[in-house]
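# Understanding the architecture of this molecule
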Amino acid sequence: MDGGLCIWDLRSQQHVLKYNKHSDYISGLTVSEKQQALLAVSGDGTLSVHDLRSCKVLARSEDDADDELMSVAVVKNGKKVVCGSTSGVLAIWSWGYWNDCSDRFPGHPESVDALVTYDEDTLITGSSDGALRIVSILPNKLLGVLGEHEEDMPVERLAMAADKSLLASVSHDACVKLWDLSILQDDDEDDDEDDDAAAEDEEAAVAAGAGGDAAPGGPAAAAAAAASEPGSSKRRPRAEDSDDSGSDGSDGDSSDDEGRGGSSRQRKKKREKTAMGKGRAKPSKTGNFFADLL
């Protein structure tokens, strides 16, 4: 409770770093693997950063915050650090600029006591009102509520499985709850499939337009052939010529329809293969993530 922070070497069982600059309890810790740094937040409202390779203190934010900082997470490939506060505001720091936060994201009705990174743009928060929320960072947006513990029972800790299929939460209601995160993964896969389908439709439309102009029986080819005939400007078209031209145009349209139909069938087969692959995929093994709840 004195705000002390120690980093221990498990081989020698001795501490390699001792930090006593925080004036209140340490409320949250996280590690940035990309930066090889430990980040700590404290009840005194400050954030400190520690280099794990050199075991040196890199920085500490200004000691003039109005809110206590309760939780911390790293997003945006190590470029942003998000801290939950007692006022429900998420304070966002840019890596390397530690004096003060660069952005503030209000929206939680009560204290944000727990944070876990789902992906580089998304966090899951645990609040004092017992609710677990999904939020987007930059753009800052509340995406929805994942679930909740009993009302007014604060969520103390969150831990996510290695394959991101399950989330565990612990609260003052003396319960550990497991949450299915497959709905978030399904949303990501649906977005990717929609983007692929739109790209394929655009390519098919471009190919069909190019094919129609270059087709032997198409309107452009017929006009070019008529222009190349001697005396074509003075000769009246016969009924047979009109019939042949109409027949050639319909053949070109038929070829375009067949091309679009073939493209549609290829997209359908691709989606069926994707669905079959998902059905055969084995779930990846999850680690023992309950240790993070302690």
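Residues numbered from 1 in each chain as written. Predicted model: local features only at pLDDT ≥ 70, side-chain atom pairs only at ≥ 80, totals over all residues. Heavy atoms only, no water.

In this structure the tally under the stated criterion is 6 salt bridges. Close ionic contact of Arg53 with Asp51 constitutes a salt bridge, the shortest N to O distance being 3.8 Å. Its relative accessible area of 60% is what places Arg53 among the exposed residues. Exposure remark for Asp51: the relative accessible area of 13% places this residue in the buried category. (Salt bridge = Lys/Arg side-chain N within 4 Å of Asp/Glu carboxyl O. Buried < 20%, exposed > 50% of the residue type's maximum accessible area, 1.4 Å probe, protein only.)

Right, let's get into the sheet that holds strand β15 (residues 155-160). Read from one edge of the open sheet, 3 strands run β15-β16-β17, paired in antiparallel fashion. One side of each edge strand has no neighbouring strand; the edge strands of this open sheet are β15 and β17 (176-180). Taken over all neighbouring pairs, the strand axes of this sheet differ in orientation by 25° on average, direction set aside. The pairing of strand β16 (residues 166-171) with β17 spans 5 bridges and is classified as antiparallel. Bridge pairing in β17 links Leu167 to Trp179. (Pairing = 2+ DSSP bridges. Helix = DSSP H or I, 4+ residues; strand = E, 2+ residues; numbered from the N terminus. Axes fitted to C-alpha atoms, helices over the stretch in contact; angles between N-to-C directions.)

Leu138 connects to Pro139 through a cis peptide bond whose omega is 15°. The topology assignment puts Pro139 in the loop between β13 (131-136) and β14 (141-148). For Gln13, which is not glycine, the phi torsion reads 55° and is therefore positive. A positive phi is found at Asn77, a non-glycine position, where the angle reads about 55°.

This part is about the side chain of Asp129. You can see Asp129 is positioned in the loop between β12 (122-127) and β13. Residue classification places Asp129 among the buried residues on the basis of a relative accessible area of 14%. In terms of polar contacts, Asp129 uses its side chain to reach the backbone amide nitrogen of Ala131, at 3.1 Å. (Polar contact = N/O pair within 3.5 Å; in protein donor to acceptor, adjacent residues only side chain to side chain.)

So, about the pairing of strand β5 (residues 47-51). Where burial is concerned, most of β5 is hidden: 5 out of the 5 residues are buried. Pairing between strand β4 (residues 37-42) and β5: 5 bridges, direction antiparallel. Opposite Leu38, over in β5, you have His50 as the bridge partner. Linking β4 back to β5 in an antiparallel pair, the connection comprises 4 residues, with Gly45 at a positive phi of about 85°. Sheet topology places β5 next to strand β6 (residues 56-60); 4 bridges connect them, and they run antiparallel. For His50, the partnering residue across the bridge sits in β6 and is Val57. Between β5 and the antiparallel strand that follows it, β6, lie 4 residues; Cys55 among them carries a positive phi value of about 55°.

If you roll a probe as big as a water molecule over the atoms, it shows you where there is empty space left. The calculated volume of the largest pocket comes to roughly 880 Å³. Together, 33 residues line the largest pocket, and Thr30, Val72, Leu115, Val116 and Thr117 are the ones closest to its centre. Sorting the residues of the lining of the largest pocket by element identifies β3 (26-32), β7 (69-75), β11 (112-119) and β15 as the ones contributing at least two each. Class assignment for the residues of the lining of the largest pocket results in 17 nonpolar, 8 polar and 8 charged. (1 Å grid on protein atoms, 1.4 Å probe; cavity = no way out; pocket = protein on both sides within 12 Å on 5 of 7 lines; lining within 4 Å. Points joined across faces, edges and corners; volume = space filled by probe spheres on them. Nonpolar A, V, L, I, M, F, W, Y, C, P; charged D, E, K, R; others polar.)

Further remarks concern the packing of aromatic side chains. Under the counting rule described, the total for this entry stands at 1 aromatic pair. Centroid distance Trp95 to Trp98: 4.9 Å. Interplanar angle 80°. Geometry classified as edge-to-face. Taking relative accessible area as the criterion, Trp98 reaches 10% and is therefore assigned buried. Above the face of the Tyr118 ring, Lys164 is positioned so that its terminal group lies 5.5 Å from the ring centre. (Phe/Tyr/Trp six-rings, centres within 6.5 Å; stacked < 30°, edge-to-face > 60°. Lys NZ or Arg CZ within 6 Å of the ring centre and 35° of its normal.)

What the 4 strands build is an open sheet, ordered β3-β4-β5-β6; its pairing is antiparallel. Single-partner strands in this sheet number two, and they are β3 and β6. Taken over all neighbouring pairs, the strand axes of this sheet differ in orientation by 20° on average, direction set aside.

The next point concerns the environment of Cys175. With respect to the helices and strands, Cys175 occurs in the loop between β16 and β17. The exposure class assigned to Cys175 is partly exposed, which follows from its relative accessible area of 32%. Not counting the four nearest positions on each side in its chain, Cys175 is found in contact with His149, Ser169 and Val170. (Contact = heavy atoms within 4.5 Å.)

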